[in-house]
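Each chain, letter by letter, is given below.
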Amino acid sequence: MRLLTRASVIAAGRRSRWVVIAVWLALAMLAVPLQAKLSERAADESETFLVRGSESAAVKRIIDERFRRGSETAAVIAYFRESGITADDGRRADTDALALCRSGAIPNLTMVATPYQRACGETDPLDMSSGGSLLTSPDDTVILSTVLMTDDSTPYVEQAVKAIREVVPPATGDESGLRAFVTGRAGFEADRQAALGGINGTLLAVTVAVLLLLLLVTYRSPLVALVPLAVVALAYLVTSGLAYGLVAAGLTEVSGQTTSILVVLMFGAGTDYCLLIVARFRDELRRTRDAEEAMVAAAQRTAPAILSAGAIVAGTMMVLALADFNATREMGPILALGVAIMVCAGLTLLPAVLIALGRRAFWPAVPRLEPESAAAVTFWGRVASLVHARPGVIAVAVTAVLAAGALAGIGARPALDFSESFREAPDSVRGQQVIRDHFIPGRSAPLRIVVAAEVGGKVQSALTEGTHTPVADMHAVARSVDVDDDSPMLIFDADLRMDPFSEQSTDAVPALREVAERAAGGQTVLIGGTVAENYDARQALGRDTRLIVPVSLALILVVLAVLLRAVVMPLYVIATVILSFGFALGVGSLIFTHLLGQPASDPNLPIYAFIFLVALGVDYNVFLLSRISERRRQHETRRAVAEALERTGGVITSAGLVLAATFATLMVIPMEALFQIGFVVTLGLLADTFLVRALLVPALATMLGERNWWPFKQTATPD
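Residues numbered from 1 in each chain as written. Predicted model: local features only at pLDDT ≥ 70, side-chain atom pairs only at ≥ 80, totals over all residues. Heavy atoms only, no water.

Chemist: Would you take a moment to explain the confidence of the model for the chain for this structure?
Modeler: Caution is warranted with low-pLDDT regions, since their predicted coordinates should not be read in detail. Residues with a pLDDT of 70 or more make up 91% of the chain, whose mean pLDDT is 84. Of all secondary-structure elements in the chain, the lowest mean pLDDT belongs to strand 7 (residues 474-476), at 42, while helix 15 (residues 391-407) reaches the highest, 94. Counted against residues more than four places away or in other chains, residues 123-132, with its pLDDT under 50, gives 10 contacts. In the predicted structure, residues 468-481 sits below a pLDDT of 50 and forms 56 contacts with residues beyond four places in sequence or in another chain. (pLDDT = per-residue confidence, 0-100. Helix = DSSP H or I, 4+ residues; strand = E, 2+ residues; numbered from the N terminus. Contact = heavy atoms within 4.5 Å.)

Chemist: Would you mind going over the nonpolar core with me for this structure?
Modeler: Nonpolar side chains tend to gather and get buried jointly when the protein is soluble and globular. If you look at the biggest cluster of nonpolar residues, it comprises 162 residues, and the most contacted ones within it are Y273, M317, F612 and L616. Sort the elements by how many residues they give to this core and helix 21 (residues 605-631) lands first, with 18 residues. With sequence-adjacent residues up to four places away left out, M317 is seen in contact with L265, G332, L335, A336, I611, F612 and A615. (Core = buried A, V, L, I, M, F, W, Y, C linked by side-chain atoms within 4.5 Å. Buried < 20%, exposed > 50% of the residue type's maximum accessible area, 1.4 Å probe, protein only.)

Chemist: I keep staring at the pairing of strand 6 (residues 447-452) and nothing clicks. Help me out?
Modeler: Working note: regular strand, side chains alternate between the two faces of the sheet. Of all six residues in strand 6, six are buried, a share of seventy percent or more. Residues L447, I449 and V451 point to one face of strand 6 and R448, V450 and A452 to the other, with burial holding for every one of them. Summarising the sheet, strand 6 and strand 9 (residues 489-496) pair through six bridges and their orientation is antiparallel. Looking at strand 9, one finds that A452 is bridged to M489. (Pairing = 2+ DSSP bridges.)

Chemist: What is the right way to look at the packing of helix 2 (residues 16-42) against helix 9 (residues 222-248) in this model?
Modeler: Across the interface, helix 2 lies against helix 9 with an axial gap of 6 Å and an inter-helix angle of 55 degrees. With respect to their mutual orientation, helix 2 and helix 9 come out oblique. Judged by the twist between their axes, the crossing of helix 2 over helix 9 is left-handed. Side by side, helix 2 and helix 9 meet where W24, L25, L27, A28, A31, V32, L34, Q35, K37, L38 and R41 of the first sit next to L234, A235, Y236, L237, V238, S240, G241, A243, Y244, V247 and A248 of the second. Here the residues of the contact of helix 2 with helix 9 are counted per class, giving 17 nonpolar, three polar and two charged. (Axes fitted to C-alpha atoms, helices over the stretch in contact; angles between N-to-C directions. Parallel < 35°, antiparallel > 145°, perpendicular 65-115°, else oblique. Left-handed = near helix turned anticlockwise from the far one by under 90°. Nonpolar A, V, L, I, M, F, W, Y, C, P; charged D, E, K, R; others polar.)

Chemist: I keep staring at helix 7 (residues 184-196) and nothing clicks. Help me out?
Modeler: In an α-helix, one turn spans 3.6 residues, which is why side chains three or four residues apart end up on the same side. Relative to the 18 Å expected for 13 residues at 1.5 Å per residue, helix 7 spans 19 Å between its end C-alpha atoms, a close match to the ideal helical length. Counting buried positions along helix 7 gives 11 out of 13 residues, so the element sits mostly inside the fold. Residues G184, A186, G187, F188, E189, A190, D191, R192, Q193, A195 and L196 constitute the buried set of helix 7. (Expected span 1.5 Å × (residues − 1).)

Chemist: Would you mind showing me how to read the environment of S240 here?
Modeler: Here S240 lies in helix 9. Overall, the relative accessible area of 0% leaves S240 in the buried class. Between the C-alpha atom of S240 and that of P33, which follows or precedes it by 207 residues, the distance is 9.6 Å. Residues in contact with S240, not counting those within four places in the same chain, are L34, Q35 and L38.

Chemist: Help me out: how do you make sense of helix 9 in this one?
Modeler: The terminal C-alpha atoms of helix 9 lie 39 Å apart, and with 27 residues this matches the ideal 39 Å at 1.5 Å per residue to within 8%. Just downstream of helix 9 lies G250, where phi reads positive at about 80 degrees.

Chemist: Please explain the side chain of Q257 as it appears in this structure.
Modeler: Position of Q257 relative to the elements: it lies in helix 10 (residues 256-285). When residues no more than four places from it in sequence are discounted, the contact partners of Q257 are E45, F49, A327, M331 and Y608.

Chemist: Please clarify how the pattern of salt bridges should be interpreted in this entry.
Modeler: Where side chains of opposite charge bring their charged atoms close, a pairing between them can arise. Enumeration according to the criterion identifies 27 salt bridges in this entry. The partner of R91 in a salt bridge is D88, and the shortest N-O contact between them spans 2.2 Å. Highlighted residues: R91 and D88, both in helix 4 (residues 87-103), separated by three residues, approximately one helical turn. Residue E284 pairs with R301 through a salt bridge whose shortest N-O separation is 3.5 Å. (Salt bridge = Lys/Arg side-chain N within 4 Å of Asp/Glu carboxyl O.)

Chemist: Explanation requested: the packing of helix 20 (residues 568-595) against helix 23 (residues 672-704) in the structure shown.
Modeler: Each pair of packed helices can be described by the angle between their axes along with the distance between the axes. One way to put it is that helix 20 packs onto helix 23 with a least axis distance of 8 Å and a crossing angle of 145 degrees. Judged by the twist between their axes, the crossing of helix 20 over helix 23 is right-handed. Residues of the contact of helix 20 with helix 23, tallied by class, amount to 22 nonpolar, five polar and one charged.

Chemist: Please explain the environment of P169 as it appears in this structure.
Modeler: Position of P169 among the secondary structure elements: in the loop between helix 6 (154-167) and strand 5 (179-183). Those residues in contact with P169 that sit more than four places away from it in its chain are Y79, R92, D96, D174, L178 and A180.

Chemist: Could you clarify how one ought to interpret the environment of L526 in this entry?
Modeler: For L526, the location among the structural elements is in strand 10 (residues 525-529). Sequence separation of L526 and G241 is 285 residues, and the distance between their C-alpha atoms is 39 Å. Once you skip the residues sitting within four places of it in the chain, L526 turns out to touch E55, A58, V59, I62, R448, I449 and V450.

Here it is as structure tokens:
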């Protein structure tokens, strides 16, 4: 801690400031091309939502490594005519299939099949008569074409689906009334990526605009509003370059979700770290004419708080690396790296830039020398007086409000299914609805079963004929059989009679696995595919939560105890932030269900909301607590709390608003999961800003007085 504090002082030197600025600019320029490469790597999310060590992940790995064609992915084209499919429609499906085979637009294409022909691809063990019956709906209103590809990487899938949609009739219908929907796993992935396409640029633009507006309102100076954003932008570029290095070295993976949250976290938390230094620098400029002296004093007084706050956030992010769910685990190292780089930039680059600008940074609202006695009664002075006078009433009232909100969320919410994961239903969702209404719904996303060849028939019979089993409402059909070249194993597909993206299908996976294992009699049988992956992800998220939550809380408690040299205060600070997390989750649930008409919840929401709200909530409480600890050297605790709240209320509230506004930008993404995360985290940060930090924590600190610092002895000088 002393080392980085010393680095801040050195960065403010007359010559060293220019060296520091030059070094950061050089690092950012070197990182620019690497940032583009990081975005390219993040575009492939083919394994992002798998679970480490899970059965479904093992199926994908075995198919990739041991079978001739590898891990196939399928696009399903649903041709639909409400009055019934005609002979011309069948010929159109065949023509489209031949066009896809001959176009060369899908390099790793292995098969295109319609109900009437195999336009291209290897011979399938199934005869086409059974294939035709499988691809035509019982009411003759829908026919399906299947496009199989061996490359399941996200960029390739996007390219393939784009090529298919350029050939088939539009989903809105051609001149004859025939409509075609491209769905299946490939269609789903392509539509998801389309919804997220360019989102980092959008997030960055919206975030910068929101932050610039808030900073202009706060400081009424265009230059000092731009400086923190420039510092964060350079730190973000450096982080992107280093993150790409980690990914290229195979030390971690990255996804589009991670890079999106990295933008939000760095610009939100980073701007707040800069705000703390800028505010303290302005205060010091009112006490001394020497700008360098003012910056040295500001750096010395803010560095411990910023380092502690950064350590809490970075450490909590690193705890995510313990997760089994890939999407959660891969976020940890990259987000922690971003916070660490941001802290370094805030304590070196920002002081160097501010001291180079001097008082001019605040133009036209340039701070002038003010005697201590000139301080007037402010809004936060009145709030501090109220808390000092009635701490018990305030603590009870705020706790009651937060607890009531938390209790409102009691009761499980169903998980979002695929059709609910988009704010507006794309082509693949509408195609899945057509298949669900006219076929066995699971046709568009079958389970993939890897089984020892000698028991393959038994397993298939158990799944298709075992009406007395718990999976009697499921239907399995061997549609594409592959024989492993090295060992006697088979792959076949199992179609569900239920919507494969519904919670009901996910719940059926363990029973299906139990039936298959019993039929296999100890031989190898593994069940994967989209439905199984969803089940494994749900189980992993539960395990991850039970591990990550206590480890995160223990880490935060240790950091706070070291910073404050106390145990009591860290305990109730953590408790209040958990309470605000519960409030955000509960009130958010009410709003989603009764106002927005979306009772289903993203399974990732609780753990992501917890990590960001608890880590960032405690993070910004550190700013208040460190000032209380500082003032306690001169006054008894009750007065130290009042003075700390009065002096930091404005900047801490501004920091909370900045962070809340930054996370609110996630709500511009047309994906329900990220919308919910953005909404709940924003709500929690606002509750933490205006209720917890401004009222509840100061009230509790005032009530406890010197007991806040147990078990250490009182060192303050009472008034």
